[in-house]
Amino acid sequence: MEEQIVFEDNHLLVINKKVGQLVQGDKTGDEPLLDSIKDFIKKRDNKPGNVFLGLVHRIDRPTSGLVIYAKTSKALSRLTQMVKNREIQKTYWAVVAKEMIPQSQRLVHYLKKNEKNNKAIIFTKVTEGAKEAILTYNIIKTLDNYLLLEIDLETGRHHQIRAQLSKTGVPIKGDLKYGAPRSNPDGGINLHARKLQFIHPVTKEEVTIVAPVPQNDAIWRACEE
């Protein structure tokens, strides 16, 4: 667990989540990171009582990258409000097939969550029950068979990046749910929460955190070279 911690102080703890790790509990019953981190802190700091740890935001199980946890109730309430106010800037990296798409583009769609199959239904115009989803991508690297996109989110919807890129004709590598031709060996997808920028909720200092990509994936390693 220690090697996954990329930032920690008295108020916050930021983890570089691995593919397949659960951010919080679900119907699978697998142990979520929330519980694993609590156990780790309890042992590391030799804490006698319960460890307070609050989840600030989520990323999908097949996705890797940065997740913020709050170590105090004050930090949790402030960070939760910052997420609502879109005061935390999130930048993602995504690997997609090498297709003819614009170098840079702002995508605007409307998403509705289908609870039955846990998938986002996407529309190109305003639709009843659907929420506006906006992102901007830039192609930042071209590989032999893939493109590396850097994505800045303006909204945070369920499966937003996965659904919007799929609708644009470039599903994320390994993302069978949204149209990729084949899965990745580890069952994950090549979507990585790369960078977070925000004003610290307590110290008021500017915080910028960058997460290394998964090193067990050759395509990811090539992206960082």
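Just above, that's the structure.
Residues numbered from 1 in each chain as written. Predicted model: local features only at pLDDT ≥ 70, side-chain atom pairs only at ≥ 80, totals over all residues. Heavy atoms only, no water.

Draft legend 1. Quick look at empty space enclosed by the protein. One pass over the structure, following the stated rule, counts two cavities of 30 Å³ or more. Its boundaries defined by the atoms lining it, the largest cavity holds a volume of some 40 Å³. Looking at the largest cavity, the residues that line it are Val19, Asn184, Asp186, Gly188, Ile189, Asn190, Pro214, Asn216, Asp217 and Trp220. Class assignment for the residues of the lining of the largest cavity results in four nonpolar, four polar and two charged. What the second largest cavity holds in volume is close to 40 Å³. For the lining of the second largest cavity, the secondary structure elements donating two or more residues are strand S5 (89-97) and strand S10 (191-199). Of the residues that constitute the lining of the second largest cavity, the class distribution is four nonpolar, two polar and two charged. (1 Å grid on protein atoms, 1.4 Å probe; cavity = no way out; pocket = protein on both sides within 12 Å on 5 of 7 lines; lining within 4 Å. Points joined across faces, edges and corners; volume = space filled by probe spheres on them. Nonpolar A, V, L, I, M, F, W, Y, C, P; charged D, E, K, R; others polar. Helix = DSSP H or I, 4+ residues; strand = E, 2+ residues; numbered from the N terminus.)

Draft legend 2. Molecular detail of helix H1 (residues 33-44). In this model, H1 (12 residues) spans 16 Å end to end at C-alpha, consistent with the 16 Å of a helix rising 1.5 Å per residue. Directly beyond the C-terminal end of H1, a positive phi value near 55° is found at Asn46. (Expected span 1.5 Å × (residues − 1).)

Draft legend 3. Looking closely at the environment of His159. Looking at where His159 falls in the secondary structure, it is placed in the loop between strand S9 (146-153) and helix H3 (160-167). Residue His159 is classed as buried on the basis of its relative accessible area, which comes to 7%. Each C-alpha atom of the pair His159 and Tyr178 lies 9.5 Å from the other, and the pair is 19 residues apart in sequence. Excluding residues within four positions of it along the chain, His159 makes contact with Asp60, Asn118, Lys119, Ala120, Lys177 and Tyr178. (Buried < 20%, exposed > 50% of the residue type's maximum accessible area, 1.4 Å probe, protein only. Contact = heavy atoms within 4.5 Å.)

Draft legend 4. Structural view of the pairing of strand S4 (residues 64-70). The buried count for S4 comes to seven of seven residues, which makes it a mostly enclosed element. Alignment of strand S2 (residues 12-17) against S4, held across six bridges, turns out to be antiparallel. In the strand pairing of S4, Lys17 is matched with Gly65. (Pairing = 2+ DSSP bridges.)

Draft legend 5. Structural view of H3. Judged by how many residues are buried, H3 sits mostly within the fold: six of eight residues are covered. Here H3 has its buried residues at Gln160, Ile161, Arg162, Ala163, Gln164 and Leu165. In the stretch just after H3, Gly169 is the one whose phi turns positive, near 100°.

Draft legend 6. Looking closely at the packing of aromatic side chains. Counted by the stated rule, this structure contains zero aromatic pairs. The lysine or arginine in question, Lys119, covers the ring of Tyr178, its NZ or CZ lying 5.3 Å from the ring centre. Over the ring of Trp93 we find Arg194; its NZ or CZ atom is 3.9 Å from the centre of that ring. (Phe/Tyr/Trp six-rings, centres within 6.5 Å; stacked < 30°, edge-to-face > 60°. Lys NZ or Arg CZ within 6 Å of the ring centre and 35° of its normal.)

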